[in-house]
Amino acid sequence: MNISTTNFKLGITIEVNKHPYTVIWFQNHKPGKGGSVIRVKLQHFINKSFIDRTFKSGERFKLFNITSQKKQYIYKDKNNQYNFLDLTTYEQVIIPVILLGKAVNFIKEGSILEAKYLNDKLVSIELPIVVNLKVRESENGVKGDSISNTTKIVTLE
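Predicted, not measured: the structure shown is a model, and the values here were computed from it.

With respect to the secondary-structure elements, Lys41 resides in strand 4 (residues 37-44). For the pair formed by Lys41 and Arg53, sequence separation is twelve residues and the distance between their alpha carbons is 6.5 Å. Among all residues touching Lys41, those that are not within four sequence positions of it are Thr22, Val23, Ile24, Trp25, Phe50, Ile51 and Asp52.

Written out as C-alpha cells, the structure reads:
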C-alpha cells in the first residue's frame, strides 16, 4: 500500500531508502516560488535513530503494516532464552535476547510487554512506561550529603 506526503499523519511508518521510518513530525512548507515541500522528522523503526528529510508535495511512499501484541514474561530457561505467553492466542513464545536488548535488565516474571510486528515479523519489544522494582542493596549514605546532588549505587531485584 502506498501513501502520499499529502496524507502524512503522526505515527505512520513508511519506507525511506529501503528502511522503515516512523513519522514523528511533519510540516507543509510553501517557499516563495516553486511547489510546496513537506519537512519531516523520521525515526528508524528498529534502531530508533532520527533523520530529517524534505520531500516534494505529492511524493509517494510504501506504507508498512505495524501491529502490536501484548506478551507476558513467564521465565528465562537454562539456555538463556526468554519465554513469553502471547495474550491473544495463549501460546508460549520464545523471544531472542537480541530483540529484548536492555529491556532484559528491567523485566520480571508476570510483566506485560508490547511486541511490535513489522509486516507480521517480530522486530521489537517495548517495556511499559513505568517498571516497579525493589531495591535489593544500596550503599550507605554519608551524613551531611543531603545538600549536594550525590548519587549512590543500588542493586535492583
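Let us look at the packing of aromatic side chains. One pass over the full model with this rule turns up five aromatic pairs. Measuring from ring centre to ring centre gives 5.8 Å for Tyr73 and Tyr82, while their planes differ by 35 degrees; the resulting arrangement is tilted. Comparing Tyr73 with Tyr82 shows no difference in burial state: the two are buried. With a centroid separation of 5.4 Å and an interplanar angle of 55 degrees, the aromatic rings of Tyr73 and Phe84 are classed as tilted.

Looking now at the sheet that holds strand 11 (residues 121-126). Read across the sheet, five strands follow the order 9-8-7-10-11 without closing on themselves; strand pairing throughout is antiparallel. Each having just a single partner strand, strand 9 (92-95) and strand 11 make up the two edges of the open sheet. Strand-to-strand twist in this sheet, taken as the mean axis angle between neighbours without regard to direction, amounts to 45 degrees. Of the pairings in the sheet, the one linking strand 7 (residues 66-76) to strand 8 (residues 82-86) comprises five bridges and is antiparallel in character. The residue of strand 8 that forms the bridge with Tyr73 is Phe84.

What the four strands build is an open sheet, ordered 2-3-4-5; its pairing is antiparallel. At either end of the open sheet lies a strand with only one pairing partner, and these are strand 2 (13-16) and strand 5 (50-56). Ignoring strand direction, the axes of neighbouring strands in this sheet form an average angle of 45 degrees. Across four bridges, the pairing between strand 2 and strand 3 (residues 19-29) is antiparallel. Bridged to Val16 within strand 3 is His19.

Relative to the helices and strands, His44 resides in strand 4. A distance of 3.2 Å separates a polar side-chain atom of His44 from the backbone nitrogen of Asn47. Apart from the residues within four sequence positions on either side, His44 is in contact with His19, Pro20, Tyr21 and Ser49.

Below, the discussion takes up the pattern of salt bridges. Enumeration over the complete set of coordinates arrives at three salt bridges. Residue Lys62 pairs with Glu15 through a salt bridge whose shortest N-O separation is 3.9 Å. Of this pair, Lys62 sits in strand 6 (residues 60-62) while Glu15 sits in strand 2, and the two are 47 residues apart along the sequence. By relative accessible area, which is 25% here, Glu15 ends up partly exposed. Among the ionic pairs, Lys71 bridges to Asp86, the shortest N-O distance being 2.8 Å. Here Asp86 lies in strand 8 and Lys71 lies in strand 7, a separation of 15 residues in the sequence. With respect to burial, Lys71 and Asp86 carry one shared label: buried.

Conventions used here
Residues numbered from 1 in each chain as written. Predicted model: local features only at pLDDT ≥ 70, side-chain atom pairs only at ≥ 80, totals over all residues. Heavy atoms only, no water. Helix = DSSP H or I, 4+ residues; strand = E, 2+ residues; numbered from the N terminus. Contact = heavy atoms within 4.5 Å. Phe/Tyr/Trp six-rings, centres within 6.5 Å; stacked < 30°, edge-to-face > 60°. Buried < 20%, exposed > 50% of the residue type's maximum accessible area, 1.4 Å probe, protein only. Pairing = 2+ DSSP bridges. Axes fitted to C-alpha atoms, helices over the stretch in contact; angles between N-to-C directions. Polar contact = N/O pair within 3.5 Å; in protein donor to acceptor, adjacent residues only side chain to side chain. Salt bridge = Lys/Arg side-chain N within 4 Å of Asp/Glu carboxyl O.

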